[in-house]
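Fold and geometry: a report
One letter stands for each residue in the lines below.
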Amino acid sequence: MALPINSIGPSLDGSGLDLGYEADDERMPGTLVAPPSAEELTPQVEAIASAVAGVEVRAHHQATVVDLTRGADHEPWYGGAGVQTPGGTICSTGFGVYKPADMYKSLVTTAWHCGAGSYNTWYSRQYMGYANEGDGNAADDTIGIVPRDTQKSGGYIYGGPWNDSTDYAMQVSGSGGNNVGDYVCQSAANSGGHCNIRIAQVDRQILGPNGVWRKFADEAVQTDPNEIAAANGDSGGPVVAIVDNGNKVQARGTVTSLEKEQECAGRTTSDGGYRTPWCFHGMWYVPISQTLADMGWVLRTDNP
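These numbers come from a predicted model, not from an experiment.

Observations concerning the pattern of salt bridges
A full pass over the atoms with the stated rule returns 10 salt bridges. One network of salt bridges, in which partners are shared, links Asp-102, Lys-105 and Asp-135.

Some details on the packing of aromatic side chains
Enumeration over the complete set of coordinates arrives at 5 aromatic pairs. An angle of 50° between the planes, with centres 5.3 Å apart, marks the rings of Tyr-78 and Tyr-158 as tilted. Placement of Tyr-78 in strand S4 (residues 77-79) and of Tyr-158 in strand S12 (residues 153-158) is noted, with a sequence separation of 80 residues between them. Grouping residues by exposure puts Tyr-78 and Tyr-158 together as buried. Seen from their ring centres, Trp-278 and Phe-280 are 5.1 Å apart, and the 50° between their planes marks the pair as tilted. For Phe-280, a relative accessible area of 7% corresponds to the buried category.

Brief notes about empty space enclosed by the protein
The final tally for this structure, using the stated rule, is 2 cavities of 30 Å³ or more. Approximately 40 Å³ is the volume found for the second largest cavity. Arg-70, Gly-71, Gly-82, Ile-90, Trp-122, Tyr-123, Trp-162, Ala-189 and Ser-270 are the residues that line the second largest cavity. Classifying every residue of the lining of the second largest cavity gives 5 nonpolar, 3 polar and 1 charged.

Some details on unusual backbone geometry
Generally, phi is negative for residues other than glycine and the peptide bonds are trans, each holding for most cases. A cis amide bond links Glu-75 with the next residue in sequence, Pro-76, at an omega value of -5°. By the element assignment, Pro-76 lies in the loop between strand S3 (57-61) and S4. Even without glycine at this site, Arg-125 takes up a positive phi of about 55°. Relative to the elements of secondary structure, Arg-125 occurs in the loop between strand S9 (117-121) and strand S10 (127-137). Residue classification places Arg-125 among the partly exposed residues on the basis of a relative accessible area of 26%. Notably, Ala-265 is not glycine yet its phi reads approximately 50°, a positive angle. If you trace the backbone, Ala-265 turns up in the loop between strand S19 (248-262) and strand S20 (279-287).

Scoring rules and cut-offs
- Residues numbered from 1 in each chain as written.
- Predicted model: local features only at pLDDT ≥ 70, side-chain atom pairs only at ≥ 80, totals over all residues.
- Heavy atoms only, no water.
- Salt bridge = Lys/Arg side-chain N within 4 Å of Asp/Glu carboxyl O.
- Phe/Tyr/Trp six-rings, centres within 6.5 Å; stacked < 30°, edge-to-face > 60°.
- Helix = DSSP H or I, 4+ residues; strand = E, 2+ residues; numbered from the N terminus.
- Buried < 20%, exposed > 50% of the residue type's maximum accessible area, 1.4 Å probe, protein only.
- 1 Å grid on protein atoms, 1.4 Å probe; cavity = no way out; pocket = protein on both sides within 12 Å on 5 of 7 lines; lining within 4 Å.
- Points joined across faces, edges and corners; volume = space filled by probe spheres on them.
- Nonpolar A, V, L, I, M, F, W, Y, C, P; charged D, E, K, R; others polar.

Spelled out as structure tokens, the structure:
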């Protein structure tokens, strides 16, 4: 029976390796015997892999991933894509930007608390780029990933569900201010796109989960009782307003923290194979206008 390995990386707690495998689910040729279940196979896979690797290996059954654009982005790098952080967890990219004062350097934003260091695409685990602390601002909870090999960021964000197998993306038309009562959407990579989110407070100073004060942050709450605002792992994702009859989006901010926990009601997330989804009715985000002013960045509104 074939047991192809389709993902491998360090365990989130640093104790060893995390391995994903997919079993051949066909019956043995010439028999009516069903193949072993994942519950039977996983301990065997862990024992063999641990002996070979020389460290503890935790295994889980995982279907072969599809090359989804949100989870396997490429140049020009878009917002709303899933990235593996330097710590091995998932975060989302926000917007493509560039810095005129630094030879028009391209960057793709994410949340500061996602960490400085090397970033990979979430599914394909391809090296994307590096985030230096100097290309970020802790009080804005935003940091810029510099794409590898002088590649460029793009002026679009991904839309739709987190597991959308199309290349659906929306062009960023520019940036805008936030006012109480406005409706926004967020399109982070772990839980996918969500709309009908109403701004409840603006220009508040809040203490983030990482213990750093956000200089300014806006609160928005889901108004659709059948929807969520976001899920854990959506940090860094883009908050936007829909414009141009739904053909474009206006950048509004970067997801920084979540509040008002609610039932996920069967919803799945991009990192659902590693942890149980954790859903929220509200979110806080840092206004994009604040970040652009503090960092000297210019928002991309088209592909270079």
